Amino acid sequence: MKLHEYQSKTIFSKYGIPIPKGRVAATAQEAKQIAEELGGRVVIKAQVLVGGRGKAGGVKLAKDPAEAAQLAAQILGMEIKGLPVRKVLVDEASAIDQEIYFSITNDRAAKKPVMIASAAGGIDIEEVAAKTPDKIIKSHIDPLLGLREYQARDVAVAMDLPREYMKDFVKIAMGLWEVYKATDATLAEINPLVITKDKKMVALDGKMMIDDSALFRQPDLNEMRDTDEDDPAEIEARKYGLSFIKLDGNIGCMVNGAGLAMTSMDVIKLFGGEPANFLDIGGGASAEKVTAAMRIILTDPNVKAVLFNIFGGITRCDEVARGILIAMEEVKPKVPMIVRLVGTNAEEGRKLLENANMITAETLADAAKKSVEAAQKGN
Amino acid sequence: MSILVDKNTRLIVQGVTGNEGLFHTTQMVAYGTNVVGGVTPGKGGEWVLNGKLPVFDSVKTAREATDANATIIFVPARFAADAMFEAADAGIPLIICITEGVAVQDMMRVRNYLDQKKVRLIGPNCPGLLTPGEAKVGIIPGDIAIPGNIGVVSRSGTLTYEVLYAMKNLGMGASTCVGIGGDPVNGTNFLDVLEMFEHDPKTEKVIMIGEIGGNEEERAAEYIGSKMTKPVAAFIAGQTAPAGKRMGHAGAIIEAGAGTAADKIKALEAAGVRVAKHPEEIPTLL
């Protein structure tokens, strides 16, 4: 789960990381009011859950409340990488001396958290990493010991941070580690962490991602989830514990297991078709789940055929077949259905579907070919 | 011989009285796996499987009573990390964790602790292990594989079943099938299993099933290219998966370039691995 900048910075602040004064606004009028409260120049920042918003024109400087209102109106009407801007953050403007990059994230290869820092922070940090990797400082953190202060000091020295800021930096690093740990973050990033002209260290921007598997113990964060930017079908799927991603093709897919679901998409493409979605119904698929999955797939008007690829393990094929029958009754699909059942109770499953007017297939390749043919006929 | 599990495996089941635990324990016993006990805190002293399998309160007491040398974990995700710590502290050298959805930070703590104790972990979020004809330690359907000389290692669950089934249809059998699981932080990786297969006299060829994300396939390719003498065929799932919307820069900085199916296929082919276009084609490449 991704958090917005304003949400991330509120959390940072709770753990002692200095942030600029500011608030979030949903209208130009609100933005104006916040600018009046703050006084002086303000920054208007689009709140969207995607990177690159600065380069897309979603961050602007306003010299007074009137301009703040005008710029907020402009940004609130924007779309950034396909996402409409619904909120802006209005922050007091800072006079910046230096921009630092600082984050804590998971290094899956090392199986440890890693602290990443660079004195060359800012929006071009990925270019810095690609062209001058020696300007990126990385330090792994023992997950059993936690971040030790000396490690933060070493990072400060390695990036040539002026010594007078060492203490502030260590405090911010320890704070960010606490944020990362307490929120089950997979990413806690400050870019830029700035040194202001009046010699303060401030987290000007913040990005966080939270581990979805840990949300059971993060009820407060779960409530922060912004579903405005999710596809409605994906929200519906989540309710039923289905993993669903909408794609642009015309062959709907219902598969058990993520790897097999991806593979089914690959094989459809291999035989000249285009998948309409990724859908993993998971283990032990009940009739309720199958019905929900079928409904979700068929809400997409592009879908011209649906492929069911079920390899029974924990999931029993007869149970899925019963689900398909109930779903067919309820949804009454008008497109051809191609079904392949293999594994636990496949024989019983196939018998149940004998009179259901479905196209059956033996192998995955065969199922994919038949789906592509059926979708082409439907076009 | 085979790797990790065989007829000398003495297995206990953590979460034996839960729905899934009990169902799969029944299946494992029916397959012939030597299951010697189960653990459910608070249910010590009870018996399951019609009075044939004793239940203990803790892994420690179970190990002392049964001399178990492996454990399989079916407990819910929020209790899984604790179950793995408990097994390691009880001195069990091999842990197989089937549970899906274990928090990543929990897994980093578990993995680093287990490494210090030199305990081997398979999973989590995996289908487990199958040495056909000897032991099924996990949820892979027993009847889709036959004994043979091909080692199979995979990050996926049902996709692995596809491949075992395709092998069986061609009369090809497996020495051991290892499902290492698809989580970003897991116990045993491709490289570990490839090394074991390379040294296992019963394994003559290897099938590797990878997917997008991370760089384990690339690291495996390096090993195959430089050290491995046995032929390897592979499949990488997710060739058509769309890239996610990324936020923040840290991922791009630490995983620069790695992770796409195209990169993995390129690395494997450069190491002499034959990469299949679809899973049913893999066995025919060996």
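Calculation notes
Residues numbered from 1 in each chain as written. Chains lettered and ligands numbered in written order. Predicted model: local features only at pLDDT ≥ 70, side-chain atom pairs only at ≥ 80, totals over all residues. Heavy atoms only, no water. Helix = DSSP H or I, 4+ residues; strand = E, 2+ residues; numbered from the N terminus. Expected span 1.5 Å × (residues − 1). Buried < 20%, exposed > 50% of the residue type's maximum accessible area, 1.4 Å probe, protein only. Axes fitted to C-alpha atoms, helices over the stretch in contact; angles between N-to-C directions. Parallel < 35°, antiparallel > 145°, perpendicular 65-115°, else oblique. Contact = heavy atoms within 4.5 Å. Nonpolar A, V, L, I, M, F, W, Y, C, P; charged D, E, K, R; others polar. Domains from an automatic or database assignment. Buried area = accessible area lost by both parts, 1.4 Å probe. Salt bridge = Lys/Arg side-chain N within 4 Å of Asp/Glu carboxyl O. Polar contact = N/O pair within 3.5 Å; in protein donor to acceptor, adjacent residues only side chain to side chain. Phe/Tyr/Trp six-rings, centres within 6.5 Å; stacked < 30°, edge-to-face > 60°. Left-handed = near helix turned anticlockwise from the far one by under 90°.

**Remarks on helix H13 (residues 364-378) of chain A**
If you check H13(A), its first and last C-alpha atoms are 21 Å apart, about what 15 residues at 1.5 Å a residue would give, namely 21 Å. Burial in H13(A) covers these residues: A:Leu364, A:Ala365, A:Ala367, A:Ala368, A:Ser371, A:Val372, A:Ala374 and A:Ala375.

**Structural notes on the packing of helix H3 (residues 77-89) of chain B against helix H4 (residues 104-117) of chain B**
Residues and elements named next belong to chain B. As a packed pair, H3 and H4 sit with axes 10 Å apart at the nearest point and diverge in direction by 5 degrees. The angle between H3 and H4 places the two elements in the roughly parallel class. Facing H3, whose interface residues are Ala81, Met84, Phe85, Ala88 and Asp89, H4 presents Asp106, Met107, Arg109, Val110, Tyr113, Leu114 and Lys117. Among the residues making up the contact of H3 with H4, the classes are represented as 8 nonpolar, no polar and 4 charged.

**Observations regarding the domain arrangement of chain B**
Residue and element names in this part refer to chain B. According to the domain assignment, chain B contains domain 1 (11-122) and domain 2 (128-285). Computed from C-alpha coordinates alone, the two centres of domain 1 and domain 2 are separated by 25 Å. The partner domain 2 presents 24 residues to the 19 residues of domain 1 that form the contact. Roughly 1600 Å² is buried in total at the junction of domain 1 and domain 2, and carbon and sulfur atoms are behind 66% of that figure. Counting the surface domain 1 buries against domain 2, the share from its top three residues, Tyr31, Arg111 and Ile122, is 36%. Inspection of the domain 1/domain 2 interface yields 0 salt bridges. Seen at the junction of domain 1 and domain 2, the total is 6 residue pairs in polar contact (both at pLDDT 80 or more). Secondary-structure elements contributing two or more residues to the side of domain 1 that touches domain 2 are helix H1 (19-31), H4 and strand S7 (120-122).

**Here's the deal with the packing of aromatic side chains**
Counted by the stated rule, this structure contains 5 aromatic pairs over all chains. Taking 5.3 Å as the distance between ring centres and 25 degrees as the angle between the ring planes, the aromatic pair formed by A:Trp177 and A:Tyr180 counts as stacked. Highlighted residues: A:Trp177 and A:Tyr180, both in helix H6 (residues 166-182), separated by 3 residues, approximately one helical turn. Both residues of the pair, A:Trp177 and A:Tyr180, count as buried. Ring-pair connections join several aromatic residues into one group, and the members of that group are A:Phe311, B:Tyr161 and B:Tyr165.

**Overview of the interface of chain A and chain B**
Taken together, the contact pairs 63 residues of chain A with 58 residues of chain B. Of the roughly 5000 Å² buried at the junction of chain A and chain B (both faces included), carbon and sulfur atoms supply 63%. When the buried surface of chain A facing chain B is broken down by residue, A:Arg108, A:Lys111 and A:Phe311 rank first, second and third, together holding 16% of it. Across the pair B:Glu162 and A:Arg340 runs a salt bridge whose closest N-O atoms are separated by 2.4 Å. Where chain A touches chain B, the interface holds 14 residue pairs in polar contact (both at pLDDT 80 or more).

**Re the domain arrangement of chain A**
Residue and element names in this part refer to chain A. The domain boundaries assigned to chain A delineate domain 1 (1-19 + 95-229), domain 2 (21-93) and domain 3 (230-378). For domain 1 and domain 3, the distance between their C-alpha centroids amounts to 42 Å. Listed by partner, the interface residues are 5 residues for domain 1 and 4 residues for domain 3. Buried area between domain 1 and domain 3, both sides added, is near 310 Å², and the carbon and sulfur share of it is 39%. Taken together, the connections running from domain 1 to domain 3 amount to 0 salt bridges. Summed over the shared surface of domain 1 and domain 3, the number is 0 residue pairs in polar contact (both at pLDDT 80 or more).

**Topic: helix H11 (residues 317-331) of chain A**
Residue and element names in this part refer to chain A. An ideal rise of 1.5 Å per residue puts 21 Å on 15 residues; H11 measures up with 20 Å between its terminal C-alpha atoms. Those residues of H11 lying buried are Cys317, Asp318, Val320, Ala321, Gly323, Ile324, Ala327 and Met328. If you follow the buried residues of H11, they end up packed against helix H10 (287-298), strand S17 (305-312), strand S18 (337-343) and helix H12 (346-352). Looking one or two residues past H11, Lys332 carries a phi angle of roughly 45 degrees, positive in sign.

**Concerning unusual backbone geometry**
Peptide bonds are mostly trans, and most non-glycine residues show a negative phi. Following A:Asn191, the chain continues to A:Pro192 via a peptide bond in cis, the omega torsion being 5 degrees. The omega angle of the peptide bond from B:Gly123 to B:Pro124 is 5 degrees, so this bond is cis rather than trans. Summarising the element assignment, B:Pro124 is placed in the loop between S7 and strand S8 (128-131). Residue B:Leu49 is not a glycine yet carries a positive backbone phi of 55 degrees. Mapped onto the secondary structure, B:Leu49 falls in the loop between strand S3 (47-48) and strand S4 (53-56). Even without glycine at this site, B:Asn125 takes up a positive phi of about 55 degrees. Along the chain, B:Asn125 turns up in the loop between S7 and S8.

**Quick word on the packing of H10(A) against H11(A)**
Residue and element names in this part refer to chain A. One way to put it is that H10 packs onto H11 with a least axis distance of 8 Å and a crossing angle of 50 degrees. As summarised for this structure, H10 and H11 are arranged oblique, according to the angle between their axes. In this structure, H10 crosses over H11, and the sense of that crossing is right-handed. Residue-level contacts link Ala287, Val290, Thr291, Met294, Arg295 and Leu298 of H10 to Val320, Gly323, Ile324, Ile326, Ala327, Met328, Glu330 and Val331 of H11. Taken together, the residues of the contact of H10 with H11 break down into 10 nonpolar, 2 polar and 2 charged.

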